[in-house]
Every structure is written in C-alpha cells, then in structure tokens.
Amino acid sequence: MRILLVEDDDLIGEAVRDHTNTAGYATDWVRTIVDAEAASKSVEYGLVLLDLQLPDGDGLVLLEHFRAWGGDAPVIVLTARDQISDRIAGLNAGADDYLIKPFNLDELEARILAVRRRYEGRPQNIVQVADIVIERATHSITVSGQDVQLTPREWALLDLLVQRPGKLVTQKRIEEALYAFGEEVESNTVQVYISRLRKKIGMEKIRTARGIGYMLMVE
C-alpha cells in the first residue's frame, strides 16, 4: 500500500516515514497543502496521514477538498489538537481516525491496519486465500502450514494481491504501491519481486497477464 504523509515537522515526518517504510508501505512525505493536493491528484493512495497545522493552512481544508473531489482513501489525522471539538470537526470533515501527538509508532501502525480492514471489508486480522494464511498485524505468513519469511516489499506485494484475490492487479498499480516518489523503478522490478514471491508461496499461485499485470489464484 502507498501512503501519503502530510506533516511539516521534520522529526515526526522522518520517524513516521521510516516506520511505515519498514512496515512495508511506500510512503510519500509532503509538508504543505499545495504539495499534498498535487500528490493526491496524481497517485492512487491507499491511506493518508494528515497533520492539521500546516505552513499554508489548516489540514481540515485539505481533507474537505480531498473528499469533495472524490478522494476515498481512509484518512488518519495526526495532530496536537486534543479538544473534543477538534476531533468532532476532523471526523465531520471526513477523517476515519484521530491520533493525538505525541503518539507511539506501533499504535499508529495498528490504527493503519484497523482502518484498512474496515475499508476492505475484512474486519478480521487473519486472512486466508487457498492455503496461504496471513496474520496482518504481525506480518506472519504460512503456506500449507509452513512459516514463510518475506521482505517488506515482498509483503507489500502479497498484501496488495490478497486485497483482490482472483482479480487482476495491474503492473502500474503494483509499482505505485511499492515505490514512493523519488525512487527509481527499473523496467523489470515488478517481475523480479513477483519471481521472488512465487518461489516462497508457490509458482502456480500467481498468474501473469503478460504486459498487463498479475493475479493471485484462489484455488
């Protein structure tokens, strides 16, 4: 999943970006409303982490604009504003969750996972497709009962395919999910990660639509 982080504090922004990247999410970090609007109109994000006090205005205005132009990704507000009225305003503007600064990064990761489950219609933490069992909170994976170790990007790729079992996921969508702005994507990068993932979960479990994308088989 690709995350848009809107945060002008360098220490917080760097900490959140590094933590989410380590968790397997590609994270684009911007510091202003202008940059956030440009990014959100050019990339399909799976989630937005939004600070409210930004150099060029109130993050709630950005949130309202995002919802108005059809942005449907879940939004978690990260802010020092701790009044009940502020939380209500954020939720009314279209936020899905609200986390008060300072916050624990592990709690943030848990909230990201919880919001994603609600949006994907998967309230359970454990997901099974064929003989693949995934415990999303701990990134634990078994195939036919055997533990499988994945790198963060392999995990991100599998997680993306699991969201649409039996359906095609385009190569462009995979590239957007795995790589943040500024990272070079080689022409064969997706194929390399697909190959690595096949070796770990089974060659026959991922079908290729040549030149288009990939599909996780459900049987």
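For the structure itself, consult the block above.
This report concerns the structure included in the present document. (Residues numbered from 1 in each chain as written. Predicted model: local features only at pLDDT ≥ 70, side-chain atom pairs only at ≥ 80, totals over all residues. Heavy atoms only, no water.)

What to know about unusual backbone geometry
The phi torsion of most residues other than glycine is negative, and most of the peptide bonds are trans. Omega for the bond connecting lysine 101 with proline 102 falls within 30 degrees of zero, at -10 degrees, which places this linkage in the cis form. With respect to the helices and strands, proline 102 occurs in the loop between strand 7 (97–100) and helix 5 (105–120). For alanine 130, which is not glycine, the phi dihedral falls at a positive 55 degrees. When you line up the elements, alanine 130 lands in the loop between strand 8 (126–129) and strand 9 (132–135). One non-glycine residue with positive phi stands out, namely serine 144, at about 55 degrees. Mapped onto the fold, serine 144 is located in the loop between strand 10 (140–143) and strand 11 (146–148). (Helix = DSSP H or I, 4+ residues; strand = E, 2+ residues; numbered from the N terminus.)

Some points on the pattern of salt bridges
Within the structure shown, the criterion is met by 13 salt bridges. Where lysine 101 meets aspartate 51, a salt bridge forms, and the shortest distance between an N and an O atom there is 3.1 Å. Residue lysine 101 is found in the loop between strand 7 and helix 5, and its partner aspartate 51 is found in strand 3 (residues 47–51); the two are separated by 50 residues along the sequence. Classification of lysine 101 as buried rests on a relative accessible area of 17%. Salt bridges here are not isolated pairs; linked through shared partners, they connect Glu7, Asp51 and Lys101. (Salt bridge = Lys/Arg side-chain N within 4 Å of Asp/Glu carboxyl O. Buried < 20%, exposed > 50% of the residue type's maximum accessible area, 1.4 Å probe, protein only.)

Considerations on the sheet that holds strand 8
In space, the four strands of this open sheet follow the order 8-9-10-11, with antiparallel pairing throughout. The open sheet has two free edges, formed respectively by strand 8 and strand 11, since each of these has just one partner strand. Recorded for the sheet is a direction-independent mean angle of 25 degrees between the axes of neighbouring strands. As paired strands, strand 9 and strand 10 are joined by four bridges and run antiparallel to one another. Within strand 10, the position partnered with isoleucine 134 by the bridge is isoleucine 141. Against the sheet, helix 6 (residues 152–162) engages strand 8, strand 9 and strand 10, with an angle of about 110 degrees to strand 9. (Pairing = 2+ DSSP bridges. Axes fitted to C-alpha atoms, helices over the stretch in contact; angles between N-to-C directions. Contact = heavy atoms within 4.5 Å.)

Concerning the packing of helix 2 (residues 33–42) against helix 3 (residues 59–68)
Two numbers describe how helix 2 lies on helix 3: the axes approach to 10 Å, and their chain directions differ by 20 degrees. With respect to each other, helix 2 and helix 3 are oriented roughly parallel. Here helix 2 and helix 3 pass one another in a crossing that is right-handed. Here Ile33, Ala36, Glu37 and Ser40 of helix 2 come into contact with helix 3, specifically with Leu62, His65 and Phe66. Here the contact of helix 2 with helix 3 is composed, by residue class, of four nonpolar, two polar and one charged. (Parallel < 35°, antiparallel > 145°, perpendicular 65-115°, else oblique. Left-handed = near helix turned anticlockwise from the far one by under 90°. Nonpolar A, V, L, I, M, F, W, Y, C, P; charged D, E, K, R; others polar.)

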